[in-house]
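Structural features, examined
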Amino acid sequence: MRQDPAVAIETQADSLRRLKALYIDCGQNDQFNLLYGARRFVRRLNELGIAHRYEEFPDNHTNVDYRMDESLPFLAEALST
């Protein structure tokens, strides 16, 4: 369980605050139900005031390479500053 992001955030919050960017996205129809863990994690990020970008999209967990059109520019921008 300590590897679960929704659990690990309690001991790793300071490290998360030092990140240049944190991007999380999840399909609304994720067949592994990762959506619920992602929502829990993001709720805790908000409570702790940790900067991040979170998006839910209308798809599942497979064949979502097109999502890189969203994530990579965001991350590249953060790394270039």
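Figured I'd write up the structure that's included with this text. (Residues numbered from 1 in each chain as written. Predicted model: local features only at pLDDT ≥ 70, side-chain atom pairs only at ≥ 80, totals over all residues. Heavy atoms only, no water.)

Okay, the overall build of the chain next. A tally of helices and strands in the chain yields three helices and two strands. Along the chain, helices (α) and strands (β) appear in the sequence α-β-α-β-α when read from the amino end. Every one of the 81 residues in the chain was classed for burial, and the buried ones make up 27%. Only carbon and sulfur atoms are counted for the fraction: they give 51% of the accessible area of the chain, which is about 5,700 Å². The positive charge centre, built from 10 side chains, and the negative charge centre, built from 13, are 9 Å apart in the chain. (Helix = DSSP H or I, 4+ residues; strand = E, 2+ residues; numbered from the N terminus. Buried < 20%, exposed > 50% of the residue type's maximum accessible area, 1.4 Å probe, protein only. Areas by Shrake-Rupley, 256 points an atom, 1.4 Å probe, with all protein chains shown as cover. Lys, Arg positive; Asp, Glu negative; His and termini not counted. Charge placed at Lys NZ, Arg CZ, Asp CG, Glu CD.)

Time to look at helix α1 (residues 5-17). For α1, with 13 residues, the first-to-last C-alpha span of 14 Å runs short of the 18 Å given by 1.5 Å per residue. Of all the bends found along α1, the most pronounced is centred on T11 and spans about 80°. Looking at α1, one finds that the buried residues are A6, A8, I9, A13 and L16. Of the surrounding secondary structure, the elements contacted by the buried residues of α1 are α2 (34-48). If you check the start of α1, you find a side-chain oxygen 2.9 Å away from the backbone N of A6, and it comes from D4. (Expected span 1.5 Å × (residues − 1). Bend = angle between axes of the 7 residues up to and from the residue. Contact = heavy atoms within 4.5 Å. Polar contact = N/O pair within 3.5 Å; in protein donor to acceptor, adjacent residues only side chain to side chain.)

In total, this model carries two aromatic pairs according to the counting rule given. Between the aromatic rings of Y23 and F74, the centroid separation amounts to 5.7 Å while the plane-to-plane angle is 45°, which identifies the pairing as tilted. One end of the pair, Y23, is in strand β1 (residues 23-27); the other, F74, is in helix α3 (residues 68-80), with 51 residues separating them in the sequence. Ring geometry for F57 and Y66: centres 6.4 Å apart, planes at 80°, overall edge-to-face. A relative accessible area of 5% means that F57 is categorised as buried. (Phe/Tyr/Trp six-rings, centres within 6.5 Å; stacked < 30°, edge-to-face > 60°.)

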